[in-house]
Amino acid sequence: MRKLSMSKACLALLLFAACSISSCEKLAELNEDIDEAVDEMLGIRALTEDLSKTSTNFNEIKDFLINGRDASSEIKVNVTSSVPYRYEHKRYTLSGSMWSIKTTTYSGSIPKSYLTNRSSANIVKVSVQNNVPNLYVNGTKIASGTSSGSSGSTGGSTGSGTTTPTSQTLVDKDLSGDSYEKKTISFTVPTGVKTMVIRTTESNTAYRNTADLFVRRGSAPIVNGPKPPSWTPAYSWTADCSGIQPNRVDEVCTFNNPGSGTWYITLYGYNTYFSSRVLVTITK
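These lines cover the structure that appears in this document, whether it is placed above or below. (Residues numbered from 1 in each chain as written. Predicted model: local features only at pLDDT ≥ 70, side-chain atom pairs only at ≥ 80, totals over all residues. Heavy atoms only, no water.)

A look at unusual backbone geometry
With an omega dihedral of 5 degrees, the bond running from Pro 228 to Pro 229 counts as a cis peptide bond. Mapped onto the elements, Pro 229 comes out in the loop between strand S15 (222-224) and strand S16 (236-238). The omega torsion across Thr 232 and Pro 233 is 0 degrees, close enough to zero to call that bond cis. Residue position: Pro 233 is located in the loop between S15 and S16. The phi angle at Asn 257 is positive, at roughly 50 degrees, despite the residue not being glycine. Structurally, the position occupied by Asn 257 is in the loop between strand S18 (251-256) and strand S19 (261-268). Among the residues examined, Asn 257 registers a relative accessible area of 59% and is labelled exposed. Here the phi dihedral of Asn 271 falls at roughly 75 degrees; this positive angle occurs in a residue that is not glycine. Assignment of secondary structure puts Asn 271 in the loop between S19 and strand S20 (274-283). (Helix = DSSP H or I, 4+ residues; strand = E, 2+ residues; numbered from the N terminus. Buried < 20%, exposed > 50% of the residue type's maximum accessible area, 1.4 Å probe, protein only.)

Okay, here's the thing in structure tokens:
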């Protein structure tokens with residue numbers, strides 16, 4: 001009986017030692033997990049570079065988010081296997097006197113393997129080259145923005161663009177006149193027009209855009225102005241839109257959803273001669 005009791009005591013001691021070793025191993029594993037979790041809290045900063053800018057075309061990156069947050073200043077992100085990003089690419093193109101805008105949204109994920117900086121911020125940058133946005137992480141390109149979809153396994157990028165408005169120039173004509181003289185032209189507006197812009201600028205052949213602008217649908221504007229020597233009647237007009245800015249300033253009339261049919265433009269040389277370029281641009 002005494003021998004059996006001794007065996008039981010030895011077995012209990014061995015089991016305690018084994019449990020202690022197992023607890024130590026689990027504690028070590030827990031410490032490793034904690035260390036790994038600390039390593040996963042990474043600093044990330046987002047930058048943009050808008051290139052390909054000309055007088056008739058330029059690009060803009062908007063709403064650049066990392067993990068759903070604005071990262072223009074450094075943020076801390078708990079990265080497991082990857083971190084999501086999202087941004088909008090706006091491309092502006094000048095057609096006649098109207099700017100058309102194409103907006104494309106890109107989104108994807110940055111694999112953790114590219115986020116190599118532990119002691120400093122990881123730099124995620126979108127750079128537009130040849131009107132195409134490219135995503136760089138710490139100087140390495142991982143995604144190229146194309147409307148066709150994914151750029152590959154290294155960094156997914158998907159795009160979905162809005163429909164670009166179609167712009168059309170209806171009138172591009174130089175008009176000249178003397179002091180107190182009116183010059184009127186007409187043009188036809190088709191159906192389905194969303195925006196119409198009528199503008200006068202300095203003409204290609206002269207430099208005196210001094211005329212006042214009057215626009216009317218259906219019939220010519222009625223313009224009455226003071227003439228020497230009596231300087232009567234008082235300056236008055238009947239028009240849907242008028243522009244009477246100081247000399248040589250562009251005159252502009254903008255219409256949203258203008259009706260179709262015949263429209264009239266009258267330029268009036270208030271107090272001086274004029275030579276103006278008339279531009280009428282519509283967007284559908």
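Quick word on the packing of aromatic side chains
Under the criterion given, the structure shown has eleven aromatic pairs. With 5.6 Å between their ring centres and 40 degrees between their planes, Tyr 235 and Tyr 268 make a pair best called tilted. With Tyr 235 in the loop between S15 and S16 and Tyr 268 in strand S19, this pair connects stretches of sequence that are 33 residues apart. Tyr 235 sits in the partly exposed class, given a relative accessible area of 22%. Overall, Tyr 268 belongs to the buried group, its relative accessible area being 2%. Clustering of aromatic rings is evident, with ring pairs tying together Phe 214, Tyr 235, Trp 237, Tyr 268 and Tyr 270. (Phe/Tyr/Trp six-rings, centres within 6.5 Å; stacked < 30°, edge-to-face > 60°.)

Some details on the environment of Asp 240
Position of Asp 240 relative to the elements: it lies in the loop between S16 and strand S17 (241-243). In this structure Asp 240 comes out as partly exposed when scored by relative accessible area, which is 47%. In this structure, the C-alpha to C-alpha distance between Asp 240 and Tyr 264, residues 24 residues apart in sequence, is 10.0 Å. In this structure Asp 240 touches Val 215, Arg 216, Arg 217, Phe 255 and Trp 263, once residues within four positions along its chain are discounted. In terms of polar contacts, Asp 240 uses its side chain to reach the backbone amide nitrogen of Arg 217, at 2.8 Å. (Contact = heavy atoms within 4.5 Å. Polar contact = N/O pair within 3.5 Å; in protein donor to acceptor, adjacent residues only side chain to side chain.)

So, the side chain of Thr 266
Looking at the element boundaries, Thr 266 is found in strand S19. At 2.8 Å, the side chain of Thr 266 and the side chain of Thr 184 are in polar contact.

Focus on the nonpolar core
If you look at the biggest cluster of nonpolar residues, it comprises 23 residues, and the most contacted ones within it are Phe 64, Ile 66, Val 83, Ile 110, Leu 115, Val 124 and Leu 135. When residues of this core are traced back to their parent elements, those giving at least two are strand S1 (41-49), strand S2 (57-66), strand S4 (75-78), strand S5 (82-95), strand S6 (98-111), strand S7 (122-129), strand S8 (132-137) and strand S9 (140-144). Sequence-distant contacts of Leu 115, defined by excluding residues within four places in its chain, comprise Leu 42, Ile 44, Val 79, Val 83, Ile 110, Asn 122, Val 137 and Asn 138. Core analysis: the next-biggest nonpolar cluster, separate from the first, contains 21 residues, Ala 211, Cys 241, Phe 274 and Val 278 among them. (Core = buried A, V, L, I, M, F, W, Y, C linked by side-chain atoms within 4.5 Å.)

Observations concerning the sheet that holds S17
Strands in a sheet are paired, the pairing made by backbone hydrogen bonds, and the direction either parallel or antiparallel. Strand order across the open sheet formed by four strands is S12-S19-S14-S17, with antiparallel pairing between neighbours. Edge positions in the sheet fall to strand S12 (182-189) and S17, since each of these pairs with one other strand and no more. Averaged over all pairs of adjacent strands, the angle between their axes in this sheet comes to 15 degrees, without regard to strand direction. As paired elements, strand S14 (residues 212-217) and S17 share three bridges and run antiparallel to each other. Within the sheet, the bridge partner assigned to Phe 214 lies in S17 and is Ser 242. (Pairing = 2+ DSSP bridges. Axes fitted to C-alpha atoms, helices over the stretch in contact; angles between N-to-C directions.)

Quick notes on the sheet that holds S18
Judged by pairing direction, the sheet is antiparallel, and its four strands sit side by side in the order S11-S20-S13-S18 without closing on themselves. If you trace the sheet from one side to the other, it starts and ends with strand S11 (167-177) and S18, each paired once. Strand-to-strand twist in this sheet, taken as the mean axis angle between neighbours without regard to direction, amounts to 15 degrees.

Overview of the pattern of salt bridges
Counted under the stated rule, the structure contains five salt bridges. Arg 86 is the salt-bridge partner of Glu 88, the closest N and O atoms lying 4.0 Å from each other. Here Glu 88 falls in the buried class, since its relative accessible area comes to 16%. On the accessibility criterion, Arg 86 (33% relative accessible area) is partly exposed. For the salt bridge of Arg 199 with Asp 250, the shortest nitrogen-to-oxygen distance reads 3.7 Å. Of this pair, Arg 199 sits in strand S13 (residues 195-202) while Asp 250 sits in the loop between S17 and S18, placing them 51 residues apart in sequence. Residue classification places Arg 199 among the partly exposed positions, given a relative accessible area of 23%. (Salt bridge = Lys/Arg side-chain N within 4 Å of Asp/Glu carboxyl O.)

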